[in-house]
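Notes for the structure review
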Amino acid sequence: MVTPPDNDVLWARALHHSHNGSPALANVSVGVREGEILAVTGPRGSGKTTLLRCLAGQILPESGEVWFNSVPVHTMGPMDRERLRRDRFGWIDTEPHLVPELTAWENAALPLLLRGTPHRVAKAVAQEWLERLDVADCTRKRPAALLQAQRQRVSIARALACEPFVLFADEPSAILHRSDRAQVLRTLTAAARTHGITVVLATHDVEVAGLADRTIALLDGRRVGGGVVTGGTEGRAACSLSV
Ligand SMILES: Nc1ncnc2c1ncn2[C@@H]1O[C@H](COP(=O)(O)OP(=O)(O)OP(=O)(O)O)[C@@H](O)[C@H]1O
């Protein structure tokens, strides 16, 4: 067994996975450094979501290894992976999945409450993040009363509120209006940099990838090209935002 490099918080080697017999990942290896924003790019169906789900321990690859902080994830049982996801990882989906019976702040506070954070603290933190995501006026509203873009902002606030070690974001801005997209992504990436959160961001949008420090590309489930250092110039500029 090859040992993961010390400076990679997340490391995957030779991942293979298929969905109902149709290949989604073929021999994909990737390392994610602590605190970096890594964009995973590729056209629709290239395997981005499958890679993120393998790295996040949501699915077990058919073969290959995934390590988080030098701990093997691919050999963990379902309970340990569930705990890892709850305590260390955050996830932003393309579509916001909020609990319909809870208000915006209750949704944003949910991961903190599940971790045992006192109610009052969880509420204050959730409200702070809703404010940063420009949905402070929605805190008491339930998802049905919100626009889809507002729901997505709430789900981003929920993912950031518990300051995960690694935040996985699967096309997080795809449903947003073009004018909203840049602002939300800048808030997300600037917050991640300020709080030292490592981000793995799946996108087919080159502008979005420009906010990352480094980009890897997938095509038909395989890595193509080398890892490209994108510099994250936009993202670094966004660091000056007070998030
Ligand atoms: N649950 C599933 N059942 C069957 N096939 C699937 C499933 N999920 C993904 N696939 C297939 O696996 C391949 C990789 O899909 P994946 O969603 O990982 O790619 P993607 O790059 O994230 O695409 P998109 O940008 O459309 O989300 C595609 O051919 C897709 O059709």
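Residues numbered from 1 in each chain as written. Predicted model: local features only at pLDDT ≥ 70, side-chain atom pairs only at ≥ 80, totals over all residues.

1. Digging into the pairing of strand S7 (residues 166-170)
Among the 5 residues in S7, 5 count as buried, and that is most of the element. Here S7 pairs with strand S8 (residues 198-203) via 5 bridges, running parallel. By the bridge assignment, Val166 is partnered in S8 with Thr198. Regarding topology, helix H6 (residues 178-194) serves as the crossover connection from S7 to the parallel S8, and that connection is right-handed. (Buried ≥ 20, exposed ≤ 12 C-beta atoms within 10 Å, placed from the backbone. Helix = DSSP H or I, 4+ residues; strand = E, 2+ residues; numbered from the N terminus. Pairing = 2+ DSSP bridges. Right-handed = clockwise from strand over helix to strand, strands pointing away.)

2. As for the site of the ligand
By nearness alone, 14 residues border the ligand, and His19, Ala24, Lys48, Thr49 and Thr50 come closest of all. Only strand S2 (22-33) and helix H1 (48-55) provide two or more residues apiece to the shell around the ligand. In terms of residues, the shell around the ligand owes the most to one element, H1, which gives 3 residues. (Near = placed C-beta within 6 Å.)

3. Remarks on the confidence of the model for the protein
The predicted model of the protein averages 89 in pLDDT, with 91% of residues at 70 or higher. Predicted confidence is poor over residues 233-243, with pLDDT under 50, and the contacts of this stretch with residues over four places away or in other chains come to 21 contacts. Here the prediction assigns the complex a pTM of 0.89, and the interface score ipTM is 0.93. (pLDDT = per-residue confidence, 0-100. Contact = placed C-beta atoms within 7 Å.)

4. Quick look at the sheet that holds strand S5 (residues 71-72)
Reading across from one edge, S2-S1-S4-S5 is the order of the 4 strands in this open sheet, with antiparallel pairing throughout. Among the strands making up the open sheet, the edge pair consists of S2 and S5. For strand S1 (residues 8-19) and S2, the ladder comprises 9 bridges, and the chain directions are antiparallel. Looking at S2, one finds that Leu10 is bridged to Val32. H1 contacts S1, S2 and strand S4 (63-68) of the sheet and is inclined by roughly 125° relative to S1. (Axes fitted to C-alpha atoms, helices over the stretch in contact; angles between N-to-C directions.)

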